[in-house]
Structure formats: structure tokens, C-alpha cells
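Structural overview
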Amino acid sequence: MKKHILIVPGDGIGQEVTTVGKQVLDRIAEKFGHEFTYDEALIGHVAIEATGDPLPEETLVKMRASDAILFGAVGHPKYDNDPSAKVRPEQGLLRMRKELGLYANLRPIKLFDELLEASSIKPEILKGCDILFFRELTGDVYFGKRERLDDGNTAYDTMIYSKYEVERIARKAFEAARTRSKKLMSVDKANVLESSRLWREVIQKLAPEYPDVEVEHQFIDAAAMLLIKDPRRFDVVVTGNLFGDILTDEASQIAGSMGMLASASVGDSTGVYEPIHGSAHDITGKGVANPLASVLSAALLLDISFGLKAESEAIIAAVDAVLKAGFRTRDIANSETPADKILGTDAMGAELLKNL
Ligand code: NAD
């Protein structure tokens, strides 16, 4: 298979982890006889520094011309501590999602048995946990009208959803539920919010079209509690942008670390595959970032955008093998991990390649 992949490392540890992700894609191409070509593009803080724009036109053109995008992260402490900055790295990310019509964010929470101890939740509560989140990505309070009033002393953001936005992500989640345990949990705040009442109405209206899928509705506050109390109760979950953002970060603790979780953003055009973590400036340049979320993002890319299931599974099996052999990056190590098994980013990449 011939495919063109755009690497968009972005900021902070984005560069370090996508380097390993690309090495893994290269090895897969070699092993399975595919031809992957690559290009690179700027986004976020590095793009602002180079062009003044967090999503330069050249990057968008390259994104539209590629078959899939392996993405790193955006963000820089300079902006985190300056709420008044008009141009910000995250604007690049949000505009990319909107421009490419990436309305569905898939976040599989897959727990590797070897990391049961790395989680702060008890192993007996976690074992066997396997969740697939569908977070809506181009609507909600992140894209609604926002404003400062009253000389800057009052501010508002608008939580807004249209029926078609809810329906298109809900259909993806219903379809996925069909291929798994046939259970779908929809998370909203319909007891308080009008946009959530619309959300629930759409899900209820669609449900008869999927009679084989059992639908459960949960309020976001209850879902946040249940996720820690009984994570195995969750299978396919569909929720809005804000609730999904928070709930999936919470769920990252099930997997032991942010450094283990991959995501896929898909919709109308090229799919974007990225770790759920940010640019992690506290560890940037130290060579200690966990590259496995980027590697697992590459596995999702092969599966979802190219339909290469065996290739994707080969990557997951290699991650499993490396963890079984006892290798850990610092974020997933514990006090019992022998010092010679704690690897940096590049060394973890090298171990993975050996297993591929
Ligand atoms: P973060 O995910 O960057 O880091 C949170 C914590 O997890 C840090 O202690 C970090 O060291 C650790 N961590 C994250 N990824 C890791 C990895 N691969 N290996 C080892 N440890 C890892 O979140 P934050 O600190 O809240 O945000 C930092 C910047 O990233 C901010 O500017 C924020 O806006 C941005 N951000 C970007 C995205 C994105 O690009 N999609 C997502 C979240 C945050």
C-alpha cells in the first residue's frame, strides 16, 4: 500500500515522541511491504515563532494533501501564564479540528496487564477494563460565543450544540458499540443544561435504529464518580467536547499514565492521530517522555485511516512485549522497577523496534 503521512510534532515533547512514532511506522512499512512517504509541518508555539500564525496556511495545505496525520502536542508555558495573549498555540489545534471537520475524537482506554500496578486504582477493580470514548470535538463551549463584559470583570462562554452535530457522533458510537459489547453510555447534564437535553433527545431518537444496542444515560457528575468506582461498567461512551475532555483525562489514570493513551480524530477529511497528553514542558528535552502514546496513535492511524488491522495489532503486541519484558519509562515505573529497566524515550523506541 502507498500512503503519504504528515508528521506534525508541534511543541515540547511532541517532537521527541513523534520521532519514535515515525520510526515504528517505518519499520511496519518495511516488514509488511508498504510504501509510506512523509512530510513535516509546523503548528502551535513553534509555528507562531516562525510565522506568527499557530496554524500557517502551508500546514493546512499539507494536511489536506496527506492520507493521515501523526500529531504531537501544542502548548508553551509562556501562554499558560498569560491569559491576555491574543495569539495562542491551542488556537492552531482548534482551528485544525474545525478546518478538517474532525468532529469525532476516539479515545481507547486499553489497560495493559503489566501496568495494573501503575494505576492509582486497585488492580482488582481495573483488571479487564477496556473503554472506547467518543468525544465530540468541534462543538460545545469550546466553539460557542464567548465574551468579556463589564470592563473585563464578567465573562461568558456559550455551550451550544445542534442536532446534526450530536447525531453524527452518536451514529459513530452506536456503530462501534455494535462491534463490541453492544452497550452505549451517553454522558450529559440533562438535568440542568438545555444543550444536554437536546443531546439526550437525539440519542433517544436514534436508539430504535440500533435495537441491538442497549443505551444507558448518565449525568457527567455521576459518570465521573462511576469511572473510578467501577470502570468495567463502561464500554462505549459518547459525550460532548467539554465533558469528554475531562472524563478522558480522568480515565487516563486507569491506563497508568497520560503517556500511554492514544487518540484518533476523524470526520470529513484526513484523520489526525495524537497522544492525549500535552507538550509537557516540565520534561521537554530531558529525553524521558514516554513515547508509547504516540506509538499507539500510529497503530490507530494504520487501523482507522488505512484499514491495516494486522499491522496495527503488530504494534500493540510489540508494546505489550516490551512491557512484559519489564521495560518502563519513568512515568510508568514504580519503586520496584530495577534501575536498568527504566528507559528514556529513544531507548524505549529502540526496544520497540527490536520487538517489531
Ligand atoms: P501535559 O499532558 O503536557 O502534562 C501533564 C503531566 O503529565 C506532566 O507532569 C507531564 O510531565 C506528564 N506527561 C504528559 N505526557 C507525558 C509523557 N508522554 N511521558 C511522561 N510524562 C508525561 O498537560 P499540562 O501540563 O496540563 O499542559 C502542558 C501544555 O500542553 C499546556 O500548554 C497545555 O495547554 C498543552 N496541552 C496540549 C494538548 C494537545 O496538544 N492536545 C493537550 C493537553 C494540554
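Note that the structure is predicted; figures quoted are calculated from it, not measured.

In the vicinity of the ligand there are 20 residues, among which V74, G278, A280, D282 and N290 approach most closely. D80 places a side-chain nitrogen or oxygen 2.9 Å from an oxygen atom of the ligand. Between the ligand and E90, the relevant distance is 3.1 Å, taken from an oxygen atom to a side-chain nitrogen or oxygen of the residue. A total of 810 Å² of accessible area belongs to the ligand in isolation, and the protein chains cover 70% of it.

Think of a sheet as strands paired side by side through backbone hydrogen bonds, with each pair either parallel or antiparallel. Pairing in this open sheet of 10 strands is mixed, and the strands run 2-1-3-12-11-4-5-10-8-9 from one edge to the other. Edge strands, defined here as strands with exactly one partner in the open sheet, are strand 2 (35–40) and strand 9 (214–219). On average, adjacent strands in this sheet sit at an angle of 25° to one another, irrespective of strand direction. With 3 bridges joining them, strand 4 (residues 104–110) and strand 11 (residues 262–266) adopt antiparallel strand pairing. Bridge pairing links L106 to A264 in strand 11. In this fold helix 9 (residues 220–229) packs onto strand 5 (130–136), strand 8 (183–188) and strand 9, with an angle of close to 105° to the strand it touches most, strand 9.

This brings us to the UniProt feature "binding site: substrate" (unreviewed entry) in the protein. In the numbering used here, UniProt assigns the "binding site: substrate" (unreviewed entry) feature to R97, R107, R135 and D221. Spanning 125 residues, the named residues do not form one spatial group; their C-alpha atoms are separated by as much as 26.8 Å. In this structure, R97 sits in helix 5 (residues 89–99). A relative accessible area of 8% means that R97 is categorised as buried.

Attention shifts here to the packing of aromatic side chains. On inspection of all chains with the given rule, the structure shows 3 aromatic pairs. On the basis of an interplanar angle of 10° and a centroid distance of 4.4 Å, the ring pair of F174 and Y210 is categorised as stacked. Remark: Y210 occurs in the loop between helix 8 (194–206) and strand 9 and F174 occurs in helix 7 (residues 163–179); sequence separation between them is 36 residues. In this structure, F174 and Y210 share a single accessibility class: buried. In this arrangement the basic side chain of K98 is found over the ring face of F143, its NZ or CZ atom lying 4.6 Å from the centre. Directly above the ring of F327 sits K341, whose terminal nitrogen or CZ lies 4.5 Å from the centroid.

Attention shifts here to helix 7. Here helix 7 is 17 residues long and its end C-alpha atoms lie 25 Å apart, about the 24 Å a rise of 1.5 Å per residue gives. Considered for burial, the residues of helix 7 that qualify are E165, V166, I169, A170, A173, F174, A176 and A177. Along the axis of helix 7, the buried positions cluster into a sector of 160°, meaning they face one direction only. Set apart from the buried face of helix 7 by more than 90 degrees, the exposed residues are Y164 and T179. Looking at the buried positions of helix 7, the neighbouring elements they touch are strand 4, strand 5, strand 8, helix 8, strand 9 and strand 10 (236–239).

Here, the residues flagged by UniProt with the feature "site: Important for catalysis" (unreviewed entry) are Y142 and K189. Within the fold, Y142 resides in the loop between strand 5 and strand 6 (146–149). The residues touching Y142, leaving out its near neighbours within four places in the chain, are L94, R135, N241, L242 and D245. Excluding residues that lie within four positions of it along the chain, K189 makes contacts with S196, F219, I220, D221 and F243.

Segmenting the protein into domains produces domain 1 (1–111 + 259–356) and domain 2 (130–253). Between domain 1 and domain 2, the C-alpha centre-to-centre distance is 25 Å. Between domain 1 and domain 2, the contact holds 16 residues from the first and 18 residues from the second. Both faces combined, the contact of domain 1 with domain 2 buries some 1,700 Å², and carbon together with sulfur accounts for 63% of it. A per-residue breakdown of the area domain 1 buries against domain 2 is headed by Y103, R107 and I109, which together make up 42% of the total. Counting across the domain 1 and domain 2 interface gives 0 salt bridges. Between domain 1 and domain 2 we count 6 residue pairs in polar contact (both at pLDDT 80 or more) in total. Listing elements by their share of the side of domain 1 that touches domain 2, those giving two or more residues are helix 5, strand 4 and strand 11. No other element matches the 6 residues that strand 4 contributes to the side of domain 1 that touches domain 2.

Cut-offs and rules
Residues numbered from 1 in each chain as written. Predicted model: local features only at pLDDT ≥ 70, side-chain atom pairs only at ≥ 80, totals over all residues. Heavy atoms only, no water. Near = heavy atom within 4 Å. Polar contact = N/O pair within 3.5 Å; in protein donor to acceptor, adjacent residues only side chain to side chain. Areas by Shrake-Rupley, 256 points an atom, 1.4 Å probe, with all protein chains shown as cover. Pairing = 2+ DSSP bridges. Helix = DSSP H or I, 4+ residues; strand = E, 2+ residues; numbered from the N terminus. Axes fitted to C-alpha atoms, helices over the stretch in contact; angles between N-to-C directions. Contact = heavy atoms within 4.5 Å. UniProt positions renumbered as here; feature names shortened; annotations may be inferred. Buried < 20%, exposed > 50% of the residue type's maximum accessible area, 1.4 Å probe, protein only. Phe/Tyr/Trp six-rings, centres within 6.5 Å; stacked < 30°, edge-to-face > 60°. Lys NZ or Arg CZ within 6 Å of the ring centre and 35° of its normal. Expected span 1.5 Å × (residues − 1). Arc of directions from axis to C-beta. Domains from an automatic or database assignment. Buried area = accessible area lost by both parts, 1.4 Å probe. Salt bridge = Lys/Arg side-chain N within 4 Å of Asp/Glu carboxyl O.

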